[in-house]
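As a plain string of letters, each chain reads:
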There are 2 protein chains.
Amino acid sequence: MLTDRQLLILQVIIEDFIQSAQPVGSRSLSKKEEISFSSATIRNEMSDLEELGFIEKTHTSSGRVPSELGYRYYVDHLLSPQALKKNEMQLLKSVYAGRIYELEKVVQKAAKILSELTNYTAIVLGPKVKDHKLKKIEIVPLNSETAIAIIITDTGHVENQLITLPSSIDMSEIEKMVNILNDRLTGASMSDLKDKIYKEVAVLLSQHIRNYGALVSTLAESLTSTRPEKLFFGGKTNMFRQPEFHDIHKIHSLMSMIEQEQGFYELIKQNPAGINVKIGRENQISALEDCSLITATYSIGADQVGTLAVLGPTRMEYSRVISLLSTFSNDLTALLTKLYQKP
Amino acid sequence: MLTDRQLLILQVIIEDFIQSAQPVGSRSLSKKEEISFSSATIRNEMSDLEELGFIEKTHTSSGRVPSELGYRYYVDHLLSPQALKKNEMQLLKSVYAGRIYELEKVVQKAAKILSELTNYTAIVLGPKVKDHKLKKIEIVPLNSETAIAIIITDTGHVENQLITLPSSIDMSEIEKMVNILNDRLTGASMSDLKDKIYKEVAVLLSQHIRNYGALVSTLAESLTSTRPEKLFFGGKTNMFRQPEFHDIHKIHSLMSMIEQEQGFYELIKQNPAGINVKIGRENQISALEDCSLITATYSIGADQVGTLAVLGPTRMEYSRVISLLSTFSNDLTALLTKLYQKP
DNA sequence: GTTAGCACTCTACATCAATGAGTGCTAATA
DNA sequence: TATTAGCACTCATTGATGTAGAGTGCTAAC
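These numbers were taken from a predicted model, which means no experiment stands behind them. Throughout this description, residue numbers start from 1 for each chain and increase along the sequence as written. Just so you know, chain letters begin at A and ligand numbers begin at 1, following the order they were written in. Given that the model is predicted, a residue must reach a pLDDT of at least 70 before its local features are reported, and side-chain atom pairs must reach 80 or more before they are shown or counted; all residues, however, enter totals for whole chains, interfaces and linings. The side-chain figures draw on all heavy atoms in the structure; neither hydrogens nor water molecules are used.

Caption draft 1: Structural context of the interface of chain A and chain B. Note on contacts: a residue pair qualifies if any of its non-hydrogen atoms lie within 4.5 Å across the two residues. Contact residues are listed per partner, giving 35 residues for chain A and 35 residues for chain B. With both sides pooled, the region where chain A packs onto chain B buries about 3000 Å², and carbon together with sulfur makes up 67% of that total. By salt bridge we mean one thing: a side-chain nitrogen of Lys or Arg within 4 Å of a carboxyl oxygen of Asp or Glu. Linking chain A with chain B are 4 salt bridges, by the criterion used here. We note a salt bridge from K136 of chain A to E138 of chain B, for which the minimum N-O separation is 2.7 Å. Among the secondary structure elements, those contributing two or more residues to the side of chain A that touches chain B are β4 (134-141), β5 (146-153), β6 (158-164) and α10 (248-260) of chain A. The helix and strand labels rest on DSSP assignments: H or I over at least four residues marks a helix, E over at least two residues marks a strand, and numbering proceeds from the N terminus. With 6 residues, the single largest contributor to the side of chain A that touches chain B is α10 of chain A. Residue polarity is assigned by list, with Asp, Glu, Lys and Arg as charged and Ala, Val, Leu, Ile, Met, Phe, Trp, Tyr, Cys and Pro as nonpolar; anything else, Gly included, falls into the polar class. Taken together, the residues of the side of chain A that touches chain B sort by class into 14 nonpolar, 10 polar and 11 charged. What gets called buried area is simply the loss in accessible area from a 1.4 Å probe that two parts show on being joined, summed for both.

This is how it looks when you write it as structure tokens:
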């Protein structure tokens, strides 16, 4: 495969380009400390690396730029893990600061810190609601036709949903219903709710409430309408600073995509546990063809509940971001496990 | 003051520039239908209009561009109200579509429609929470130290807040407290809560709960911590399409400002009832110096609860946007009044 | 196998002239 | 007296031209 010298050159080219955003030439390479051979030699090696598809020219007589394949190889084989600086660690630890018990707030803050630390855009997915346990259900009638159903989970997450009441129902019936629901469903995981409602609760309701059929299905639907996990963003406008996005059309399509959210939801959700790196067109989305997305999952106990992600240009500081994400996801997992996994 | 001919010329210049985004010259003006005199005459008039500060040149031999003063005069005196098209009306009415009872959803949808109709950025402020009436309070303990307080208003708005419990409290005390709170506070307007808690509720609580002092103040603070009215955006990225924002730095500072939200909150909140137009630097914010902001307030009954706003370039279709906003704010007021103002 | 040297390529930048849309001014016109 | 035609002038835009600099590929020498 590649000789040690080729690997060295590839690595130096990529790291130089990540720094400078400028094509790297043989002469400027030969001046580097790490490199002890002449520019002509480098040119020969570069020519081979280009033939192998790891680097590219922007025009016939330009310096070289890493290709997606080059980045991929770099990420898979050449990456030197980078220790975090003290102040980075400090900022990172500040997620713990203050007494935050609300999961969403922790996660929102995580996105903010991550974007500040990287100067890229941070996206945090989660936490998955369906693995949470139901703490309490409340139903508050607003008028004769509608009521608000409120669901509280053990993680402090509150959800509410408007439901339509059958016209015949009266207050005492609602009260009974709420009691039954809480009695039977408290402690159940959110994903089991629907099942339990039909299997356990329906029978009970039928004994106390006229017209229970419509109500049961309304309830079942509204309590479990799979509300997707929320996305939290940090540093949405950070990409404006990257020279590759000084082009109006590129930054427009990128910002539009960020605004849509949906696309990122799909993109991030599908990642398996651990650290994942998607480079440029590996993301399969044209607005992201100059971007890389690095994701890291986090968990509560053994349950993977969400994902941290950093979106940057393909010319991204992979090594730093990967270190950051890996540390952060571990810390976050530890924090959340401590807070929410009751023995 | 200005002659009729000068007014005509000013109007045509502005409307042409709004259309084309290009400086308007005397010769191209003279070719317009509305204009029956020669380019030389126009040049003379233009010269006067420039001296008066209504129009400007971008360089010594360029056509003219409206100044902020010009737009201001146009908005105040020359605007011809523009009837809405049928499909515009239709889209506008679609806010009513479906049974939406949740105020926030209505308002969010309003922002979306407004941005689609104008191709500018829409911002909707409100609804003000403090004028809503309390429907119910619920307190759900999560563990021995923390609980979640949930507040439901008559408009279907649900708020929740983490509170810290005094270490000595037990379940039955919490239950008593919730009963007292609901008993005393239901139907009170949100802005009165704090007062009432100290004046009416504190005494009662003291009779039933040990250590009530700390709890009362925690409650009072967390129930009334003036959560500002939310901002809803539509078409955040629409400004990318405006040629005046093809400059990276301009669009960057604008998007950053939109991302911050806070600035717009201040800006929009302060507007008096009715339609208001702020042109360019009238907004006092450098990121908005090429923008105009048109606001329209909406109400529930006689209470002004929020504001619709459209942010566009100074070269904005004032007439169309004003018509839209005015119709929309009336419709929205009517809708909300019907839905939420119970006799 | 490595390197020095050289011809060649391409970008970036500056200069220059031509074009065209615009202006201001003046003198003729109605 | 108000309007207009005519003209000299200005400036942005465009395309052509030239040059400097950074880069490459190739060949021949080490």
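Having put the structure on the table, let's press on.
Caption draft 2: Spotlight on the protein's contact with DNA strand D. Near DNA strand D you find 20 residues, and of these S26 of chain A together with R5, T41, T60 and S61 of chain B are the closest. We define proximity as follows: a residue is near a molecule or strand when any one of its heavy atoms falls within 4 Å of that partner. When atoms of DNA strand D within 4 Å of the protein are sorted by moiety, sugar and phosphate together comprise 76%. Nitrogen and oxygen atoms within 3.5 Å of one another constitute a polar contact, given that in protein one can donate a hydrogen and the other can accept it, and given that sequence-neighbouring residues count only through two side-chain atoms. Within the side chain of R64 of chain A, a nitrogen or oxygen atom sits 3.1 Å from a phosphate oxygen of DNA strand D. Looking at the surface near DNA strand D, the elements that each hand over two or more residues are α3 (39-51) of chain A together with α3 (39-51) of chain B. No other element matches α3 of chain B, which puts 4 residues into the surface near DNA strand D. When its residues are assigned to classes, the surface near DNA strand D shows 3 nonpolar, 12 polar and 5 charged.

Caption draft 3: Focus on the protein's contact with DNA strand C. Taken together, 19 residues lie near DNA strand C, and R5, T41, T60 and S61 of chain A together with S26 of chain B sit nearest. Between DNA strand C and S38 of chain A there is a distance of 3.2 Å, counted from a phosphate oxygen to a backbone nitrogen or oxygen. Contact between DNA strand C and S61 of chain A: a base oxygen at 2.5 Å from a side-chain N or O atom of the residue. Secondary-structure elements contributing two or more residues to the surface near DNA strand C are α3 of chain A together with α3 of chain B. In terms of residues, the surface near DNA strand C owes the most to one element, α3 of chain A, which gives 4 residues. Counted by class, the surface near DNA strand C contains 3 nonpolar, 11 polar and 5 charged residues.

Caption draft 4: Up close: the layout of surface pockets. Here the second largest pocket is characterised by a volume of approximately 610 Å³. Put plainly, a pocket is an open set of points on a 1 Å grid over the protein atoms alone with protein on both sides within 12 Å along at least five of seven lines, a cavity is a set where a 1.4 Å probe fits but cannot get out, and a lining residue has an atom within 4 Å of a point. The wall of the second largest pocket is formed by 23 residues, among which K136 and E138 of chain A together with K136, E138 and V178 of chain B lie closest to the centre. Counting residues per element, the ones that place at least two in the lining of the second largest pocket are β4 and α7 (171-185) of chain A together with β4 (134-141) and α7 (171-185) of chain B. Its residues placed into classes, the lining of the second largest pocket shows 13 nonpolar, 4 polar and 6 charged. Grid points are joined across faces, edges and corners, and a volume is the space filled by probe spheres set on the points.

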